[in-house]
Structure formats: structure tokens, C-alpha cells
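# Chain and residue survey
Spelled out from the first residue to the last, the chains are:
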Amino acid sequence: MASTDLTAQRVRELLHYCETTGALSRREPLQNGRPAGIPLGAVNTDGYLKIKLDQNTVLVHRVIWLYMTGEHPPAMIDH
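Description of the structure in this document. Along each chain, the written sequence defines residue order, and numbers are assigned to residues from 1. Given that the model is predicted, a residue must reach a pLDDT of at least 70 before its local features are reported, and side-chain atom pairs must reach 80 or more before they are shown or counted; all residues, however, enter totals for whole chains, interfaces and linings. Computation of side-chain values: all heavy atoms of the structure, hydrogens and water removed.

### Looking at helix 2 (residues 60-69)
For every residue, the accessible area obtained with a 1.4 Å probe (protein chains only) is divided by the maximum for its type, and the residue is called buried under 20%, exposed over 50%, and partly exposed between those limits. What counts as a helix is a DSSP run of H or I of at least four residues, what counts as a strand is a run of E of at least two, and both are numbered from the N terminus. Residues Val60, Val63, Ile64, Leu66 and Tyr67 constitute the buried set of helix 2. An end-on view of helix 2 places all buried positions within 160° of arc, on one side of the element. Here a residue-residue contact requires only that any non-hydrogen atoms of the pair lie within 4.5 Å. Looking at the buried side of helix 2, the elements it contacts are helix 1 (8-14), strand 1 (15-17), strand 2 (24-26), strand 4 (49-53) and strand 5 (56-59). Positive phi appears at Gly70, one or two residues downstream of helix 2, with a value of about 80°. By construction, the arc corresponds to the directions joining the helix axis to the C-beta atoms.

### Quick word on the pattern of salt bridges
Note on definitions: salt bridges are taken to be side-chain nitrogens of Lys or Arg within 4 Å of carboxyl oxygens of Asp or Glu. Under the definition given, this model contains 2 salt bridges. In this structure, the salt-bridge partner of Glu13 is Arg10, at a minimum N-O distance of 2.4 Å. Here Glu13 and its partner Arg10 are both found in helix 1, 3 residues apart, which amounts to about one turn of the helix. Owing to a relative accessible area of 26%, Arg10 belongs among the partly exposed residues under this scheme. For the salt bridge of Asp54 with Arg10, the shortest nitrogen-to-oxygen distance reads 2.8 Å. Of this pair, Asp54 sits in the loop between strand 4 and strand 5 while Arg10 sits in helix 1, and the two are 44 residues apart along the sequence. For Asp54, a relative accessible area of 23% translates into the label partly exposed. Where salt bridges share partners, they join Arg10, Glu13 and Asp54 into one cluster.

In short, the description is geometric, and any link to function would need to be established separately.
Shown next as C-alpha cells:
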């Protein structure tokens, strides 16, 4: 599944977004034992937070856009 195949429904099913802190966290614990509720993201070489979702690495700010609007973001997000 490419990141463009990811749906808002799937993102909302897997993740919780806290509008106060801007953090994304898993709704359910991972199979490796990592508990739910812990903020997700690792900084990539460009300084953006990334996560792995359904075997794809995706940028957190783009996932949040999809989560909040239900639509994939444009190529560039002015943030």
C-alpha cells in the first residue's frame, strides 16, 4: 500500500491525534509490546517526523492533514 492508498478511516482507526500537543499515538499496543498512547515519530534527515504505518514510512504532518480533513494533502503544505 502506497501512502496515497492510506485512507482517513484507516488512519483514524490506528491512530489518535491530540490537537493540544500535536502528537500522534497508536490506539492499540503494537505486537512488539510497545504500549498504546505513546507519541510516535522519529526525525528524518530533512528534520521532519516520520512514522511507519501499514508497512509504509509516512511523514507525520501529512498523516495529520489526512486525519483532520479526510483528504490527502497537496504536494506542499505551508506550515
